[in-house]
Amino acid sequence: MTEGPLDAPKAGADAPPSTSASALFDLRNVIALLFGVYGIVLTINGIVSGNDPANLAKTGGSNLNLETGIGMLVIGALFVVWVVTRPLKVPTAEETAAQDDRPAGH
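Predicted, not measured: the structure shown is a model, and the values here were computed from it. (Residues numbered from 1 in each chain as written. Predicted model: local features only at pLDDT ≥ 70, side-chain atom pairs only at ≥ 80, totals over all residues. Heavy atoms only, no water.)

1. Side note on the overall build of the chain
Helix and strand counts for the chain stand at five helices and zero strands. Reading the chain from its N end, one meets helices and strands in the order α-α-α-α-α. Put simply, the chain has 106 residues, and 13% of those count as buried. Restricting the contact set of the chain to residue pairs at least 6 apart, pairs at least 24 apart contribute 71%. Looking at the chain as shown, the accessible area adds up to about 8300 Å², and 68% of this sits on carbon and sulfur atoms. (Helix = DSSP H or I, 4+ residues; strand = E, 2+ residues; numbered from the N terminus. Buried < 20%, exposed > 50% of the residue type's maximum accessible area, 1.4 Å probe, protein only. Contact = heavy atoms within 4.5 Å. Areas by Shrake-Rupley, 256 points an atom, 1.4 Å probe, with all protein chains shown as cover.)

2. Looking at the environment of leucine 66
With respect to the helices, strands and loops of the structure, leucine 66 is situated in helix α4 (residues 64-85). Expressed as a C-alpha distance, the spacing of leucine 66 and isoleucine 47, which sit 19 residues apart in the sequence, is 6.5 Å. With residues up to four places along the chain from it excluded, the contact list for leucine 66 reads Leu42, Thr43, Gly46 and Ile47.

3. A short note on the packing of aromatic side chains
Inspection of every chain in the model, using the stated rule, returns two aromatic pairs. Judged by centre distance (6.1 Å) and plane angle (15°), the rings of phenylalanine 35 and phenylalanine 79 are stacked. With phenylalanine 35 in helix α2 (residues 27-48) and phenylalanine 79 in helix α4, this pair connects stretches of sequence that are 44 residues apart. Overall, the relative accessible area of 25% leaves phenylalanine 35 in the partly exposed class. (Phe/Tyr/Trp six-rings, centres within 6.5 Å; stacked < 30°, edge-to-face > 60°.)

4. A closer look at a nonpolar patch on the surface
The grouping of Leu27, Val30, Leu34 and Tyr38 at the surface amounts to a nonpolar patch, some 400 Å² of accessible area in total. With respect to the helices and strands, tyrosine 38 occurs in helix α2. (Patch = residues over 30% accessible without salt bridge, like charges linked within 9 Å, V, L, I, M, F, W, Y side chains within 5 Å. Salt bridge = Lys/Arg side-chain N within 4 Å of Asp/Glu carboxyl O.)

5. Notes on the side chain of asparagine 63
Mapped onto the elements, asparagine 63 comes out in the loop between α3 (53-58) and α4. Using a relative accessible area of 19% as the deciding quantity, one classes asparagine 63 as buried. Residues within four places of asparagine 63 in sequence aside, it is in contact with Gly46, Gly50 and Leu56.

6. So, α4
Taking 1.5 Å of rise per residue, 22 residues should cover 32 Å, and α4 covers 31 Å from first to last C-alpha, within 8% of that figure. Buried within α4 we find Gly69, Met72, Gly76, Phe79 and Val83. Viewed end-on, α4 has its buried residues packed into an arc of 80°, placing them on one side of the element. Those residues of α4 that are exposed and aimed more than 90 degrees away from the buried face are Leu78, Val84 and Thr85. Of the surrounding elements, those touching the buried residues of α4 are α2. (Expected span 1.5 Å × (residues − 1). Arc of directions from axis to C-beta.)

Here is the structure:
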């Protein structure tokens, strides 16, 4: 039996939305990753060179790398919590069709 047009896999606009791809490329994930990576780098840098008198003199006596790194790690963790508690909701075909029924300009 040959595959006809009805048996062909759907592609393009007819394809169902991929929930895993949209969740993977959620902008909040990218931002959380960037804050996490930079936070780790700054935290390690602050721990390694934290008591260097030259660095402390530049920042007024505080270990700015360590403080900023910890802050960035906290912000990255908040983004991860946001993604977990409020995941993306991919609209269904019915919701998309309902939005297309609106008058032009709305």
